[in-house]
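Summary of the model geometry
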Amino acid sequence: MSLVTPEQRRHAQDLLDFIDASPSPWHAAATLLDRLSAQGFRRLDEGERWDVEPGGCYCVVRDGSSVIAFIAGTTAPAEHGFRLLGAHTDSPGLRLRPNAPYVAEPLVRLGVEIYGGPILATFADRDLSLAGRLAVRDGKEVATRLVRFEKALLRLPNLAIHMNRAVNEEGLKFHKQFELPLLWAGLNGAPPQARFRSQLAERAAGCAPEDILGWELHVFDTQPGAFWGAEEEFLADSQLDNLASCHAGLSALLAGVGNDTAATRVLACFDHEEVGSESAEGAGGSFLADVLRRVSAALGCDEEDYRRAMAKSFLVSADMAHAYHPNFPNAYDPQHVVRVNGGPVIKLNACQRYATDSVAEARFALLCQEAQVPVQRYSHRGDLACGSTIGPMSAAQLGIPTVDVGNPMWAMHSVRESAGVLDHDFMTCVLTRFFLS
């Protein structure tokens, strides 16, 4: 009997399709908005007055890369609060510099900056390309255009072992300034900057090279997501951290469309988590609080009612978790190893790198029990620095009880990550239960 049911595989394939359509945070936001719109969510503009009705479905985007969607409850938030799920649209990697193209005889290279904490060695010898957004002149205004190069455009070739004899003993390392620029083209006599702008303009239909005023371009791996393993019970793709949580949260929210609840259900997918979240559209900014306040006001709540709503709310911060890797057993606390396809993970840290306390832990564990989903608990090895999430800062800003959870995965921050097919279905099931509770 197969470990994976046809429905679980279908759901995992939809995750891979979601990721492959979203090679940058701006594409991820666009994919979210497309799926929300297809299910009847009405887009709200932060610059306009909001008209929100009980039971209505709405979404709002800030700066093109952060999305908040919500289904208004049948009662005012002051009575039953918000059921909030937070995730993030960005992933660590490489970003193009403003003056990226330059000659390095006999080739043209593109200069890059490191975004977040990627495993740099995993970018070597892969079919890389570019995706992101352009800021372009539109008359007297500035507009944005999404761009994506579908085929391999760039490469970071390894140095042959004959010139790097110690690579297998000392590991593959790249000097961040001199050895990370990506190979793009051979010389053809054209100025590299003009040549690159022309190629960008070709991808942004109706845009002239001279109208390109700026760009934010992310390097991505062109290899599509795939299933692997003896029974294809695992999956591999880029950006599982954290588009897998965005997809699970979106699937859970959409599963409840048409089912009224007293509480208002909110999915918040933020940019810039991998670099600290301190931005206008990041979880450290005002976006979520602004939306919650405006929703409360539109549903008849004053400031006192808003504070009452916060006291009755609960936030699930969904990011990914470190799965046990049998090749590296000493990387884990032996009492807190979590296993791929073993179920969602509750993440705990005494120093509040994760926001979970015992009450929030218990609430999520009960949700898993009600959804008939297994649950695991993770605590980081004591002598290793622990990462963090949007959970602690969101809990501090909003004063809302919060639990940090995630699905177990291997190779976090690699350009090619792996996780479990069953886990993605488990997480979606428990988040669906959460939204309908």
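For the structure given in this document, a descriptive report is provided here. What you see is a predicted model; the values in this text were computed from it and never measured. (Residues numbered from 1 in each chain as written. Predicted model: local features only at pLDDT ≥ 70, side-chain atom pairs only at ≥ 80, totals over all residues. Heavy atoms only, no water.)

1. Some thoughts on empty space enclosed by the protein
One way to see where empty space is left: roll a probe the size of a water molecule over the atoms. Counted only if it meets this: Method remark: on a 1 Å grid restricted to protein atoms, a set of points is classed as a cavity if a 1.4 Å probe fits but cannot get out and as a pocket if it is open with protein on both sides within 12 Å along at least five of seven lines; lining residues have an atom within 4 Å of a point. Grid points are joined across faces, edges and corners, and a volume is the space filled by probe spheres set on the points. The helix and strand labels rest on DSSP assignments: H or I over at least four residues marks a helix, E over at least two residues marks a strand, and numbering proceeds from the N terminus. Residues were grouped as follows: Ala, Val, Leu, Ile, Met, Phe, Trp, Tyr, Cys and Pro as nonpolar; Asp, Glu, Lys and Arg as charged; and all remaining residues, including Gly, as polar.
Enumeration over the complete set of coordinates arrives at four cavities of 30 Å³ or more. If you add up the space inside the largest cavity, you get close to 110 Å³. Along the walls of the largest cavity sit 14 residues, with Pro 92, His 218, Ser 238, Gln 239 and Val 415 positioned nearest its centre. Looking at which element gives the most residues to the lining of the largest cavity, the answer is strand β10 (residues 212-221), with four residues. Class assignment for the residues of the lining of the largest cavity results in five nonpolar, six polar and three charged. The calculated volume of the second largest cavity comes to roughly 40 Å³. Lining the second largest cavity, in full, are Leu 15, Leu 235, Leu 240, Ala 244, Met 320, Asn 407, Ala 419, Gly 420, Asp 423 and His 424.

2. Here we look at the packing of aromatic side chains
How two aromatic rings sit relative to each other is set out by the distance from centre to centre and by the angle between their planes. Which entries qualify depends on this criterion: Within 6.5 Å between ring centres, the rings of Phe, Tyr and Trp (the latter by its six-membered ring) count as paired, and their orientation is classed by plane angle as stacked under 30 degrees, edge-to-face over 60, tilted in between. Whether a residue is buried, partly exposed or exposed follows from its accessible area with a 1.4 Å probe, protein chains only, as a fraction of its type maximum: under 20%, in between, or over 50%, in that order. Whether a charge lies above a ring is judged from NZ of Lys or CZ of Arg, which has to be within 6 Å of the ring centre and within 35 degrees of the ring normal.
Considering all chains together, one arrives at nine aromatic pairs under this definition. Residues Trp 184 and Phe 196 carry aromatic rings whose centres are separated by 5.5 Å and whose planes lie at 90 degrees to one another, so their mutual orientation is edge-to-face. Of this pair, Trp 184 sits in strand β9 (residues 182-186) while Phe 196 sits in helix α5 (residues 192-203), and the two are 12 residues apart along the sequence. Using a relative accessible area of 12% as the deciding quantity, one classes Trp 184 as buried. Overall, the relative accessible area of 0% leaves Phe 196 in the buried class. Ring centres 5.3 Å apart and planes at 85 degrees place the aromatic pair Phe 196 and Trp 215 in the edge-to-face group. Residue Phe 196 is found in helix α5, and its partner Trp 215 is found in strand β10; the two are separated by 19 residues along the sequence. We classify Trp 215 as buried; its relative accessible area is 13%. In textbook terms, an aromatic cluster arises when at least three aromatic residues are bridged by ring pairs, as seen for Trp 184, Phe 196 and Trp 215. The aromatic ring of Phe 227 is capped on one face by Arg 9, whose charged end is 4.0 Å from the ring centroid. It is Arg 363 that lies over the ring of Phe 314; its NZ or CZ is 3.9 Å from the centre.

3. A few points about the sheet that holds strand β15 (residues 321-322)
Heads up, the rule is: Two strands qualify as a pair provided that DSSP identifies no fewer than 2 bridges between them. Two residues qualify as a contact provided that any one of their heavy atoms is within 4.5 Å of a heavy atom in the partner residue. Here the axes come from fitting lines to C-alpha atoms, over the contacting stretch only for helices, and the angles between their N-to-C directions go from 0 to 180 degrees.
Taken in spatial order, the five strands line up as β11-β12-β20-β19-β15 in an open sheet, and their pairing is mixed. Taken across any chain shown, the strands that pair with only one partner, and hence form the sheet edges, are β11 (226-228) and β15. Of the pairings in the sheet, the one linking β11 to strand β12 (residues 234-237) comprises three bridges and is antiparallel in character. In the strand pairing of β12, Phe 227 is matched with Leu 235. Along the sheet, helix α6 (residues 240-255) contacts β12, β19 (408-410) and β20 (417-420); its crossing angle with β20, the most-contacted strand, is approximately 35 degrees. Across the sheet, helix α11 (residues 421-436) lies against β11, β12, β19 and β20, angled at about 65 degrees from β20, the strand it touches most.

4. What about the pairing of strand β5 (residues 93-104)?
The sheet contact formed by β5 and strand β6 (residues 107-115) spans eight bridges and is antiparallel. Paired with Ala 104 across the strands is Leu 107, a residue of β6. Between β5 and β6, which pair antiparallel and follow one another directly, the connecting turn spans two residues.

5. Quick notes on the sheet that holds strand β18 (residues 402-406)
The strand order across the open sheet formed by nine strands is β1-β2-β3-β13-β4-β14-β18-β16-β17, and the pairing between neighbours is mixed. In this open sheet, the two edge strands, each paired with only one partner strand, are β1 (42-43) and β17 (376-378). With four bridges joining them, strand β4 (residues 82-88) and strand β14 (residues 314-318) adopt parallel strand pairing. Considered in β14, the bridge of Arg 83 is made with Phe 314.

6. Quick notes on the nonpolar core
The following threshold applies: Among buried residues, those of type Ala, Val, Leu, Ile, Met, Phe, Trp, Tyr and Cys that are joined through side-chain atoms within 4.5 Å constitute a nonpolar core.
Counting 57 residues, the largest nonpolar core has Leu 36, Phe 41, Leu 235, Val 316 and Phe 364 as its most contacted members. At nine residues, the largest contribution of residues to this core is made by α6. Sequence-distant contacts of Leu 36, that is, excluding residues within four places in its chain, are made with Phe 41, Cys 59, Val 67, Ala 69, Leu 250, Leu 253 and Leu 254. By size, the runner-up hydrophobic cluster in this structure holds 34 residues, among which are Leu 110, Leu 156, Trp 184 and Cys 207.

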